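# Residue-level structural notes
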Amino acid sequence: MDTAIVCGLIILTVLILLLLAGVPIAAALGISSICAILPVMDADAAVLTGAQRIFSGISVFSLLAIPFFILAGNIMNKGGIAIRLINLAKVVTGRMPGALAQTNVLANMLFGAISGSGTAAASAMGSIIGPIEKEEGYDPNFSAAANIATAPTGLLIPPSNVMITFSLVSGGTSVAALFMAGYLPGILWGLACMIVIYLIAKKRGYRNRSSFTLKEKWTVFLQSLPCLFLIILVIGGIIGGIFTATEGSVVAVVYSLILSLFVYKSIRLRDLPQIFKDSAQMTGIIIFLIGVSSIMSWVMAFTNIPSAVSSGLLSVSDNKYVLFFMINVILLVIGTFMDMTPACLIFTPIFLPVCLALGMNPVHFGIMMIFNLCIGTITPPVGTTLFVGVRVGGVRIETVFRQLLIYFAAIFLVLMLITYVPLISMWLPGLLGYV
C-alpha cells in the first residue's frame, strides 16, 4: 500500500481514537503525527524531529499578532465598548421590523470586528440586548437565534486571529489581503441574517417602540466614535503600509488601554493583571496548537499526503465546481466537530493544493475555508458560540436550533456565492493591489 495512504490512515485513526477518549486536541495532534511517521522513520528520530517542528512552527514573527489581538480584545470586552456600539446600532436600525434584533446583528458585526471574537460578541451583545428584547415582547428563542447566527461575522471582518493562523499554515498568504478579503463576506453574512430577521419580525409584529431625537443621535455617534476609530487606525495602518499586522496588534492594545483606562474609565489598573492572565492562557492554548500542528504539516509534506488527497479528489471529477462543492461539504462537517484553529491548521495543507490546482487563489480559498469553519461555531456538538449564546439567552439548544435552521439556509447561500463568485472576496484586495 502507498506510504501516503498508510500514514494518512494512521493519523486519522489515532486522532479519532484519542479525541473519543477525551485527550486534548493539541496532544492528540502531536501523538497521531508521531505515530504516522513511525513506519518510515526511527522512533527516536521521529520524536526529536517532532520537538524541532514545534519550536520552528512557533518561531515566526507574525505569530506575535495573535497574543496582542487577544489582549486587545479582552481589554475591550471589559472596557465598556459594547453598550456604545449597541446604541450606535439602535440609531442605524431605527424603527424597522425587528429593530432590536437588527441592532443585535449590527452590534455583533461592529463588536466582533473590534474584538475579533465571535463568542465575546455573542456574550456581550446577548446579555445586554436580550433582556431589552424580552421586555418589548420578543420571543427569547428568536432573540437568541438572531444573536447566535450573527456573532461569527466578527471572525470574517478583520482583524481576525484565524486569518493570521491561515496565513502561517498556507505558506505566507498576505495577512493584509486576507483582512481585506473578509469584509464583503462578513457583511453579506450579516445582511442575509438581517433579511431573515426582517421577514420573521414583520410576520410576528416586532417593532421598536423607542426613537432618538437628532441631538440624541449625534450624542450616540460621538460616544461611539473612539471605538470605531480603532478599526480605522489598525486596519488603515496595515493597508496603508504604515505598520505590519503584528505591529498593528500592538497599536490595538495601546489604543484600547488608553480608551478603557482614561477615556471611558471603565476598567481600573487593578483589573489589568486578571486581563493579562486570561489573555496569556488563551494565547498559550492557540500557540501550542500551532506548534503541534507543525508536526502534522511536516508529516503530511514528508509522506505526500496532500498529493494523495488531491489525486483522489481529482479522480472523482475534473469539474472544479463539483470539487469546490465537495470540499465545502467536507469542511462544513469538520466544522461541526472541531474548533476553528485546529481545523484550519489540519485541513489547509490538505485542501489548499487541490484548490490551487483548480485555479483558486489562496486568498479566496482562505476566506471560503474560514467562512465554512465559522458556521461550525454555531452548530452542535462543539459550537462554542452556540453554547455561549444559549447560556446568555436563557434558552434551550433544541428550541433555538430549530429557529436557527432558516439562518443556516441563508448563510449557506452566501457561502455558495463566495465560493463561485471570486470577485466577492478578491475585489477589495485587488483594488488595493494585494493580489
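This text gives an overview of the structure that appears in the document.

Cut-offs applied
For every chain, the first residue of the written sequence is number 1, and numbering continues from 1 along that sequence. Note on the predicted model: pLDDT of at least 70 is required for a residue's local features to be given, and 80 or more for side-chain atom pairs to be given and counted; whole-chain, interface and lining totals, by contrast, use all residues. In computing side-chain properties, one takes all heavy atoms of the structure into account and sets aside hydrogens as well as water. By the criteria applied, helices consist of DSSP H or I runs no shorter than four residues and strands consist of E runs no shorter than two, each listed in order from the N terminus. Here the globule rule reads 2.2 Å times residues to the power 0.38, and the radius of gyration is calculated from C-alpha atoms. Accessible area is worked out with a 1.4 Å probe on protein chains only. A residue is then buried under 20% of its type maximum, exposed over 50%, and partly exposed in between. By convention in these notes, a salt bridge is any Lys or Arg side-chain nitrogen within 4 Å of a carboxyl oxygen on Asp or Glu. Note that the bend at a residue is defined as the angle between axes fitted to the seven residues ending at it and the seven residues starting at it. Classification of ring pairs uses Phe, Tyr and Trp, with its six-membered ring standing for Trp, and accepts pairs whose centres are within 6.5 Å; under 30 degrees between planes counts as stacked, over 60 as edge-to-face, and the remaining range as tilted. Angles shown run from 0 to 180 degrees and are taken between the N-to-C directions of axes, each axis being a line fitted to C-alpha atoms and, for helices, limited to the stretch in contact. Put simply, angles under 35 degrees are roughly parallel, angles over 145 are roughly antiparallel, angles from 65 to 115 are roughly perpendicular, and the rest are oblique. By convention the crossing between two helices is left-handed if the near helix lies anticlockwise of the far one by an angle smaller than a right angle, and right-handed if it lies clockwise. We call two residues in contact whenever any of their non-hydrogen atoms come within 4.5 Å of each other. Three residue categories are used. Nonpolar comprises Ala, Val, Leu, Ile, Met, Phe, Trp, Tyr, Cys and Pro, charged comprises Asp, Glu, Lys and Arg, and polar comprises the others, including Gly. Exposure above 30% relative accessible area and no salt bridge define the residues that can form patches, which grow by joining like charges within 9 Å and nonpolar side chains of Val, Leu, Ile, Met, Phe, Trp and Tyr within 5 Å. Under the convention used here, a 1.4 Å probe and the Shrake-Rupley method define accessible areas, while residue burial counts only the protein chains that appear.

## Concerning the overall build of the protein chain
- Of the regular secondary structure elements, the protein chain holds 21 helices and zero strands.
- Taking 22 Å as the expected radius of gyration for a compact globule of 435 residues, we find that the protein chain reaches 22 Å, a close match to that expectation.
- With the C-alpha coordinates of the protein chain rotated into their principal frame, the extents come out at 75 × 50 × 45 Å.
- When each of the 435 residues of the protein chain is scored for burial, the buried share is 55%.

## Regarding unusual backbone geometry
- Looking along the chain, the bond that leaves Pro158 and enters Pro159 is cis, with omega of 0°.
- Checked against the element boundaries, Pro159 lands in the loop between α9 (153-156) and α10 (161-169).
- Of note in the backbone geometry, Lys265 takes a positive phi value of approximately 55° without being a glycine.
- By relative accessible area, which is 63% here, Lys265 ends up exposed.

## Regarding the environment of Ala409
- Along the polypeptide, Ala409 turns up in helix α20 (residues 397-420).
- For Ala409, a relative accessible area of 44% corresponds to the partly exposed category.
- A C-alpha to C-alpha distance of 37 Å links Ala409 and Leu222, two positions 187 residues apart in sequence.

## Some details on the pattern of salt bridges
- According to the stated counting rule, one finds three salt bridges in the structure shown.
- One salt bridge connects Asp271 with Arg268, and the closest N-O pair in it is separated by 3.9 Å.
- Looking at Asp271, the relative accessible area reads 26%, which means it is partly exposed.
- What makes Arg268 partly exposed here is its relative accessible area of 48%.
- Put simply, Arg396 and Glu398 hold a salt bridge, and the shortest N to O gap is 2.3 Å.
- Residue Arg396 is classed as exposed on the basis of its relative accessible area, which comes to 56%.

## Observations concerning helix α12 (residues 214-239)
- Maximal helix bending in α12 amounts to about 45°, located at Leu225; proline Pro226 follows within four positions.
- Listing the buried residues of α12 in full gives Val220, Ser224, Cys227, Leu228, Leu230, Ile231, Val234, Ile235, Gly237 and Ile238.
- Backbone geometry just after α12 places Gly241 at a positive phi near 75°.

## What to know about the packing of aromatic side chains
- The final tally for this structure, using the stated rule, is eight aromatic pairs.
- Relative to Phe365, the ring of Phe166 has its centre 6.0 Å away and its plane inclined at 45°; by these criteria the two rings are tilted. With Phe166 in helix α10 and Phe365 in helix α18 (residues 362-376), this pair connects stretches of sequence that are 199 residues apart.

## Remarks on the packing of helix α17 (residues 340-357) against α18
- Look at α17 against α18: their axes get within 10 Å of each other, and the N-to-C directions meet at 140°. One way to sum up the angle between α17 and α18 is to call them oblique. The two elements α17 and α18 cross, and the hand of that crossing is right-handed. Here Met340, Ala343, Cys344, Phe347, Thr348, Phe351, Leu352, Cys355 and Leu356 of α17 lie close against α18, whose contacting residues are Pro362, Phe365, Met369, Ile370, Leu373 and Cys374.
- A class-by-class count of the residues in the contact of α17 with α18 yields 14 nonpolar, one polar and no charged.

## Some thoughts on the environment of Gly389
- Take Gly389: it is sitting in helix α19 (residues 384-393).
- On the basis of relative accessible area, Gly389 is assigned to the buried category, the value being 0%.
- A C-alpha to C-alpha distance of 45 Å links Gly389 and Pro39, two positions 350 residues apart in sequence.
- The contact partners of Gly389, leaving out residues within four places of it in the chain, are Ala144, Asn147 and Ile148.

## Comments concerning the side chain of Asn372
- Tracing the backbone shows Asn372 in helix α18.
- Among the residues examined, Asn372 registers a relative accessible area of 0% and is labelled buried.
- Not counting residues up to four positions away in its chain, the partners in contact with Asn372 are Asn328, Leu331, Leu332 and Leu415.

## What about a nonpolar patch on the surface?
- A cluster of nonpolar side chains, contributed by Ile239, Leu417, Val421, Leu423, Trp427, Leu431 and Leu432, occupies part of the molecular surface with about 630 Å² of accessible area.
- Counting residues per element, the nonpolar patch draws most heavily on helix α21 (residues 423-431), which supplies three residues.
- With respect to the helices and strands, the residue Trp427 is situated in helix α21.
- The exposure class assigned to Trp427 is partly exposed, which follows from its relative accessible area of 43%.

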